[in-house]
Amino acid sequence: MTPPTEKTPRLASSQRVDLGELNTTLGFLLRVAQVRIFDSFYERFGDDGLRPGEFSTLLLIDCNPGIRQGLLAQTLWIKPAHMTKMIRRLEDQALITREIPDDDRRSVKLDLTEAGRAYVADQRLRHSGANDYHRHDLTPTEERELARLLRKFTGLDR
């Protein structure tokens, strides 16, 4: 469990709150899980000045060199305007390059720079390896099952 922070206060273990129907509400449970994961992300990567969505973006560009910005935004469920700001930020950090393809002047192709590839390679294990930042009380089998269910729930398994 992540340590308490000002952003995400934790109750003392002796205090309990009856969550009522929130205890089975997917939206609430996913939001609490997201806050917990983001706390862990910032604890691990905060000094890098990177945000969770930015690292996900770098990972996907690494897996899909030349991916079009619109497809990347759609895949990550990021609004186009927000994706444009994020891409500019990553470009300003010299982690990615943008290219307007000759066959479609309205789209933008994205690639990692050498520095971007090196950063992703260096940080990949910290993000999703055996010593990653996703601390929890699930067994490896439970973790795989939760990931499978979330892919199904979100439609990412299609």
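Residues numbered from 1 in each chain as written. Predicted model: local features only at pLDDT ≥ 70, side-chain atom pairs only at ≥ 80, totals over all residues. Heavy atoms only, no water.

### A closer look at the confidence of the model for the protein
Caution applies to low-pLDDT parts of the model: their predicted coordinates are not meant to be read in detail. Chain-level statistics for the protein give a pLDDT mean of 84 and a share of 87% at 70 or above. Across the protein, strand β3 (residues 109-112) holds the top mean pLDDT of 97, while helix α1 (residues 26-45) sits lowest at 86. Note that pLDDT drops below 50 for residues 1-6; the model gives that stretch 10 contacts with residues more than four away or on any other chain. (pLDDT = per-residue confidence, 0-100. Helix = DSSP H or I, 4+ residues; strand = E, 2+ residues; numbered from the N terminus. Contact = heavy atoms within 4.5 Å.)

### Notes on the nonpolar core
One finds Leu58, Ile61, Leu90, Ile96, Leu110 and Tyr119 to be the most contacted residues of the largest nonpolar core, which totals 22 residues. At the level of secondary structure, the elements contributing two or more residues to this core comprise α1, α2 (52-63), α3 (69-76), α4 (80-92), β3 and α5 (114-128). Sequence-distant contacts of leucine 58, defined by excluding residues within four places in its chain, comprise Leu50, Leu90, Leu95, Ile96, Leu112, Tyr119 and Val120. (Core = buried A, V, L, I, M, F, W, Y, C linked by side-chain atoms within 4.5 Å. Buried < 20%, exposed > 50% of the residue type's maximum accessible area, 1.4 Å probe, protein only.)

### Structural notes on unusual backbone geometry
Phi is positive for tryptophan 77, which is not a glycine, with a value near 60°. With respect to the helices and strands, the residue tryptophan 77 is situated in the loop between α3 and α4. Notably, alanine 94 is not glycine yet its phi reads approximately 60°, a positive angle. Within the secondary structure layout, alanine 94 lies in the loop between α4 and β2 (96-99).

### Some remarks on the sheet that holds β2
Read across the open sheet, the three strands follow the order β1-β3-β2; overall the sheet is antiparallel. Each edge of the open sheet carries a strand with a single partner, namely β1 (67-68) and β2. Strand direction decides the pairing type here: β1 and β3, joined by two bridges, are antiparallel. Note that in β3 the partner of arginine 68 across the bridge is lysine 109. (Pairing = 2+ DSSP bridges.)

### With respect to α2
Along its 12 residues, α2 runs 17 Å from first to last C-alpha, staying within 8% of the 16 Å computed at 1.5 Å per residue. By the burial criterion, the buried members of α2 are Pro52, Glu54, Phe55, Thr57, Leu58, Leu59 and Ile61. (Expected span 1.5 Å × (residues − 1).)

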